[in-house]
Amino acid sequence: MLEYLKLFLTVFLGSGAAIAIIKLIFDNRKERRERSEATKYLAIQLAFQFEGFAIECAQGVSDHQTAVENDGHAGALLWKVPSPAQLPTSEAYRFMESAILSHVLAFSQQCRMAQLAADFWVDTVGDRDCYQAAVEENTVSMGSEALDIARAIRNASQLGGRALTFAKWNIDDFLAVEMRKVKERIERQERMKREHDASGSS
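Rules used in this analysis
Residues numbered from 1 in each chain as written. Predicted model: local features only at pLDDT ≥ 70, side-chain atom pairs only at ≥ 80, totals over all residues. Heavy atoms only, no water. 1 Å grid on protein atoms, 1.4 Å probe; cavity = no way out; pocket = protein on both sides within 12 Å on 5 of 7 lines; lining within 4 Å. Points joined across faces, edges and corners; volume = space filled by probe spheres on them. Helix = DSSP H or I, 4+ residues; strand = E, 2+ residues; numbered from the N terminus. Nonpolar A, V, L, I, M, F, W, Y, C, P; charged D, E, K, R; others polar.

Here's the deal with the layout of surface pockets
- In this structure, the largest pocket encloses a volume near 220 Å³.
- Around the largest pocket sit Ala 117, Ala 118, Trp 121, Cys 130, Ala 133, Ala 134, Glu 137, Asn 138, Arg 185 and Gln 189, which together line it.
- When contributions to the lining of the largest pocket are tallied by element, the ones reaching two or more residues are helix 3 (98-125), helix 4 (128-156) and helix 5 (171-201).
- Among the elements that make up the lining of the largest pocket, the one with the highest residue count is helix 4 (five residues).
- The residue inventory of the lining of the largest pocket, partitioned by class, reads six nonpolar, two polar and two charged.
- The volume enclosed by the second largest pocket comes to roughly 190 Å³.
- Around the second largest pocket, the lining residues are Ser 36, Thr 39, Lys 40, Ala 43, Phe 95, Met 96, Glu 97, Ile 100, Ile 153, Ala 156 and Ser 157.
- Listing elements by their share of the lining of the second largest pocket, those giving two or more residues are helix 2 (15-69) and helix 4.
- Per element, the largest residue contribution to the lining of the second largest pocket is four residues, and it comes from helix 2.
- Along the lines of polarity and charge, the residues of the lining of the second largest pocket split into six nonpolar, three polar and two charged.

Here it is, written out as structure tokens:
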């Protein structure tokens with residue numbers, strides 16, 4: 001095919017122009033291949049990084065719950081929402097889907113805001129129990145968000161799924177159950193607030 005194209009261009013444009021065009025085609029193909037490889041490599045790095053963060057969150061929540069259930073004799077209390085690692089350096093970010101890139105870049109800020117939301121309970125209200133409950137809930141939320149981002153990256157880059165299972169412990173299932181509990185608690189709190197507001201206005 002290339003030989004035919006070269007012959008065709010040589011006949012109509014001359015050998016010099018034909019060589020220049022062939023070189024341009026080769027360079028363009030090489031650039032596309034390198035860009036694709038760089039983007040896929042970045043996607044793999046990011047997927048594993050966000051999955052690793054989710055594992056850290058799940059482990060922290062599990063240890064926290066163990067500590068609460070055993071009055072601190074086992075496990076370890078959560079004192080802060082985990083902070084994500086710095087993102088890998090790469091020129092390939094500009095080739096990522098804008099929606100996914102937005103979530104990737106905003107994630108560290110979300111984690112910071114999750115910690116600040118928990119800080120309110122100890123800094124302003126002075127309630128350490130509510131602070132720890134908020135840290136636990138926000139850690140669950142950020143761990144779940146990290147898994148969602150990792151899945152989106154894997155799907156967009158056709159990397160295939162990854163089962164985050166260790167022995168009989170499945171990280172996806174654990175965070176999904178804990179996230180449902182968080183949503184149920186939020187719904188109960190909102191319902192109680194609405195009922196309180198309604199009774200106060202009557």
